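What follows is each chain in one-letter form.
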Amino acid sequence: MDGQKVYVENGVLVVPDEPIIPFIRGDGTGPEIMESVRAVIDAAVSKAYGGKRRIHWKEILAGEKALKETGELLPKETIDAIKEHYIAIKGPLTTPVGGGYRSLNVTLRQVLDLYANVRPSRYFPGVPSPLKHPEKVNMVVFRENTEDVYAGIEWKMGSEECERVRRFLVEEMGANIPEDSGIGIKPISKFRSQRLVRKAIEYALKKGYHTLTLMHKGNIMKYTEGAFRDWGYELLRNEYSDKVVFEGEGERTEGKVFVNDRIADNMFQQILLRPDEYGVIATTNLNGDYISDALAALVGGLGLAAGANIGDYHALFEPVHGTAPKYAGKNVINPTAGILSGVMMLEYMGWMEAAKLIEDAIVRTFEQKKVTYDLARHLGIEPLSTTEYTQALIDNL
Ligand code: NAP
C-alpha cells in the first residue's frame, strides 16, 4: 500500500505527509457515515494542502462485516493494524444488551489502552437547542475509559461464580446481599485516575479552557469515586500548582485553570443552569458516559457529538452515537458527529488547517439551513439526505 506509517520518535508522534490511516466502517448506519467522513476529510485535506498532504485509507474489519468475512467479530489483524499505525477512525459497532458478546468498543479501548475518552460539546449557530443560551456551552468531557463498572467484572445471578462471590462478601466481609443478586465490581485505581486527570489538565492548558472540574459520586462511593477526586487533586497539586487555582483558595485568574469538583448529580443541573462556568470535565467511566450524552443533547443531539479514545500515543476516533439501526441504508443519518470526530483526528495529527476548514464549512452549511432529518424536524424545514448534506459541506469548504 502507498503511504507511510505514523510513528513515534523520541517520545513524539510523527505524522508523515501521506500517512496510512486505518478505518472501520462499522455496523448499521456506520458505512454511510464513514463514507461521508472520508469524503469530507479528503476534500478538506486537498483544499488545505493542494496535494502536498494526503491520507491513504486502509480498511480494517470489525463487527458484522468482520464476522461475515473472517468468522471473527474483532480479528487480531484489526487490533494489530491500529497498534501499528497509531491513529485510526471508526464507525459505530453493534453491542447486544444483556447477553451475547462483550462490547467491541469497550474491548478496543481496553486492549489498546486508550484510557481517555474525549468528548467535546460546543454550539453551532442555528442548531436547535432546549437551552435559552446554548452558545454558552463549550465543554469537553475526559471520561476514564478502561476501568470502573466497564471493567467487565460481573457475575450472573444464580451462577456458581456469583454465589461464591456473594458468599465471600456475606460470610467474610459482613455484607448484606440477597441471594437473587447479580454482582458487579467497580475498580478505580490511582494510576489510571491520575493519568486521565493529567490528560485533561494538559488539554485545558493547551486549548485555553478556563476551568477543570473533577466530576464524581464520592459522597456515596468513597473509595472509588471519592478516591478519584482525591487522586485528581493530589496530581494537580504535585504537578501543576503553578498553572492552576483551586476553588476556595483563590479567584479565577487569567492564564490559569480554575480547578473544582462537583458531585455527579449536581453536575447534571450545573451544565443546564450555568454552562459557561464549566470547561473541561474529568470523570470516571460511567459518569462520563452519562454526562456526555446529556451535553450532546444541549447542542444538537447525538448527530453532532464527536469523540476520541486516546492513550499515550494511540488514538481511535469515533462518534459518540451508536449504529442507529432503524436508519441503516436509508441515506438519512447525520454524519456530522463522525465528521467532527475526523476534525479531532486532523487536530491530533497536527493538520489544523484542514480541521478548521471543516469546522467553518459546518457553520456555513448550518447557516444555509442545510441539515439532515434530526435537526430539520426541530427547525420545521425539509431535510437533506446524508449524501446531499455531505456534498453541501464539501461545496462549503
Ligand atoms: P444510537 O445508535 O446512538 O441511536 C439512538 C438514537 O439517537 C437514534 O435512534 C437517533 O434518534 C439518534 N441518533 C444516533 N445517531 C445519530 C446520527 N448520526 N444522526 C442523527 N441521529 C442520531 O443508540 P442505540 O439505539 O442505543 O444503540 C444502537 C446500537 O449501537 C447498540 O448495539 C449499541 O450498543 C451500539 N452503540 C455503539 C457505540 C459505539 O460504537 N461506540 C456507541 C453507542 C451505542 P431518533 O430515533 O430520535 O432519530
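Every value quoted in this text rests on a predicted model; they were computed, and no experiment measured them.

Membership of the largest hydrophobic core comes to 92 residues, with the highest contact counts inside it found for Ile 87, Met 345, Leu 346 and Ile 358. The greatest single-element share of this core, amounting to 8 residues, is contributed by helix α1 (residues 30-49). Setting aside residues up to four positions removed in sequence, Leu 346 forms contacts with Ile 41, Val 45, Ile 55, Trp 351, Met 352, Ala 354, Ala 355 and Ile 358. Leu 93, Leu 112, Leu 114 and Leu 316 belong to the second-largest nonpolar core, a separate cluster that totals 15 residues.

Let us now look at the packing of aromatic side chains. Evaluation of the coordinates by the stated rule reveals 9 aromatic pairs. Look at Tyr 203 and Tyr 209: their rings are 6.0 Å apart centre to centre, the planes differ by 25°, and that puts the pair in the stacked class. Here Tyr 327 and Tyr 373 contribute two aromatic rings whose centre-to-centre distance is 4.7 Å and whose plane-to-plane angle is 45°, an arrangement assigned as tilted. Taken together, the residues Tyr 327 in the loop between β15 (315-317) and α10 (336-349) and Tyr 373 in helix α12 (residues 373-379) connect sequence positions 46 residues apart.

A separate point is helix α5 (residues 160-172). Here α5 spans 18 Å end to end across 13 residues, near enough to the 18 Å set by a 1.5 Å rise per residue. Buried within α5 we find Cys 162, Val 165 and Arg 166. Seen along its axis, α5 keeps its buried residues to an arc of 100°; they face one direction. In this structure, α5 carries Glu 160, Arg 164, Glu 171 and Glu 172 as exposed residues pointing more than 90 degrees from its buried face. In this structure, the buried residues of α5 make contact with β8 (154-155) and β9 (183-184). In the segment just after α5, Gly 174 is the residue with positive phi, at about 75°.

Rules behind the numbers
Residues numbered from 1 in each chain as written. Predicted model: local features only at pLDDT ≥ 70, side-chain atom pairs only at ≥ 80, totals over all residues. Heavy atoms only, no water. Core = buried A, V, L, I, M, F, W, Y, C linked by side-chain atoms within 4.5 Å. Buried < 20%, exposed > 50% of the residue type's maximum accessible area, 1.4 Å probe, protein only. Helix = DSSP H or I, 4+ residues; strand = E, 2+ residues; numbered from the N terminus. Contact = heavy atoms within 4.5 Å. Phe/Tyr/Trp six-rings, centres within 6.5 Å; stacked < 30°, edge-to-face > 60°. Expected span 1.5 Å × (residues − 1). Arc of directions from axis to C-beta.

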